[in-house]
Amino acid sequence: AQQKDLLDVIDFNSSEVLNSKNANAGLNNCLKQGYRDQDELYLESDADEQLLLNIAFQQKVKLMAIGIKGPAEGGPRRVKLYVNRSHMGFSDVQGDVPPAQELDLTPAQIASGDPIPLKLVKFAFVNNLSIFVEDNQEGSEDTKVSKIVIFGSAGEVFDVAQIKKIDDKS
C-alpha cells in the first residue's frame, strides 16, 4: 500500500486540541494545507508546555509515519502517540494508559519535519490518533508546533499477515 498524506480523511469537526492558546486556529495552523506550510503559524501551548491533540479520521486508516515540525526554541521534544481513544484528557496520558509509540524528537527532526516511521502493527486500524506533546526542546513553558503531517493509507483492506512478514524481515 502506498503511503500518502492523510489530510483528506481527517474529521476536523471531531478533532480537538487541549491547552492551546488558539484552540481551533492552532489545530488548523499545524494540520491544514497552506497553513501548515507557513512556519510562522503555530499551534502554541497555553498554561504550560504540554499539548494534547485528539485527531479523528472519517474512516479507519493505517498509519505509517508522522512528520512533526517546530521552531528550534519551543519545538516539541517528547511526543507520545495513542490510538483509538477518543477525547483523551491530560489525566489519561499521565495515568496508566500506555502509548502505542513514544518519540524523542531531535532538533534536526523538528527543523525538517521529515516523516518518522511508526510501528505498523500498532497503527493498523486507526479511527483516532491522540498526540501528546509532553515537553519541548529547551524545557520552556511555551511549546510551538508549526506542522504535523500524518502519512498512511485509507480505504484499503490489508492483511495482518503481510505486516508480520515485513516486521520479521527487519
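Bear in mind that the values here come from a model prediction, so they are computed numbers and not experimental data. (Residues numbered from 1 in each chain as written. Predicted model: local features only at pLDDT ≥ 70, side-chain atom pairs only at ≥ 80, totals over all residues. Heavy atoms only, no water.)

Caption draft 1: Seen up close, the pairing of strand S10 (residues 147-154). With seven of its eight residues buried, S10 lies for the most part within the structure. Pairing between strand S1 (residues 4-5) and S10: two bridges, direction antiparallel. Bridging from a neighbouring strand, Asp-5 pairs with Phe-151 of S10. Pairing between strand S4 (residues 51-69) and S10: eight bridges, direction antiparallel. Looking at S10, one finds that Gly-67 is bridged to Val-149. (Buried < 20%, exposed > 50% of the residue type's maximum accessible area, 1.4 Å probe, protein only. Helix = DSSP H or I, 4+ residues; strand = E, 2+ residues; numbered from the N terminus. Pairing = 2+ DSSP bridges.)

Caption draft 2: The arrangement of the nonpolar core in detail. Grouped together as the largest cluster of nonpolar side chains are 35 residues, with contacts concentrated most on Phe-57, Leu-63, Ile-131, Ile-148 and Ile-150. Listed by contribution, the elements that provide at least two residues to this core are helix H1 (23-31), S4, strand S5 (78-83), strand S8 (126-133) and S10. Sort the elements by how many residues they give to this core and S4 lands first, with eight residues. Among all residues touching Phe-57, those that are not within four sequence positions of it are Leu-6, Val-9, Ile-10, Asp-11, Leu-63, Val-126, Asn-127, Asn-128, Leu-129 and Ile-150. In terms of nonpolar packing, the next biggest core, distinct from the first, is built from six residues, Leu-52, Tyr-82, Val-93 and Val-97 among them. (Core = buried A, V, L, I, M, F, W, Y, C linked by side-chain atoms within 4.5 Å. Contact = heavy atoms within 4.5 Å.)

Caption draft 3: Representation of the environment of Lys-144 in the model. Residue position: Lys-144 is located in strand S9 (residues 144-145). By relative accessible area, Lys-144 is classed as partly exposed at 22%. Taking C-alpha positions, Lys-144 is 6.6 Å from Ser-45, a pair spaced 99 residues apart along the chain. Other than its neighbours up to four places away in sequence, Lys-144 contacts Tyr-42, Leu-43, Glu-44, Gly-70, Pro-71, Gly-74, Gly-75 and Pro-76.

Caption draft 4: Layout of the packing of aromatic side chains. Counted according to the given criterion, the structure contains one aromatic pair. Ring geometry for Phe-90 against Phe-132: centres 6.1 Å apart, planes inclined by 70 degrees, an arrangement best described as edge-to-face. Linking Phe-90 in helix H2 (residues 90-93) with Phe-132 in strand S8, this pair joins segments that are 42 residues apart in sequence. Overall, Phe-132 belongs to the buried group, its relative accessible area being 1%. Of note, Lys-32 hangs over the ring of Phe-12, and the distance from its end group to the ring centre comes to 4.6 Å. (Phe/Tyr/Trp six-rings, centres within 6.5 Å; stacked < 30°, edge-to-face > 60°. Lys NZ or Arg CZ within 6 Å of the ring centre and 35° of its normal.)

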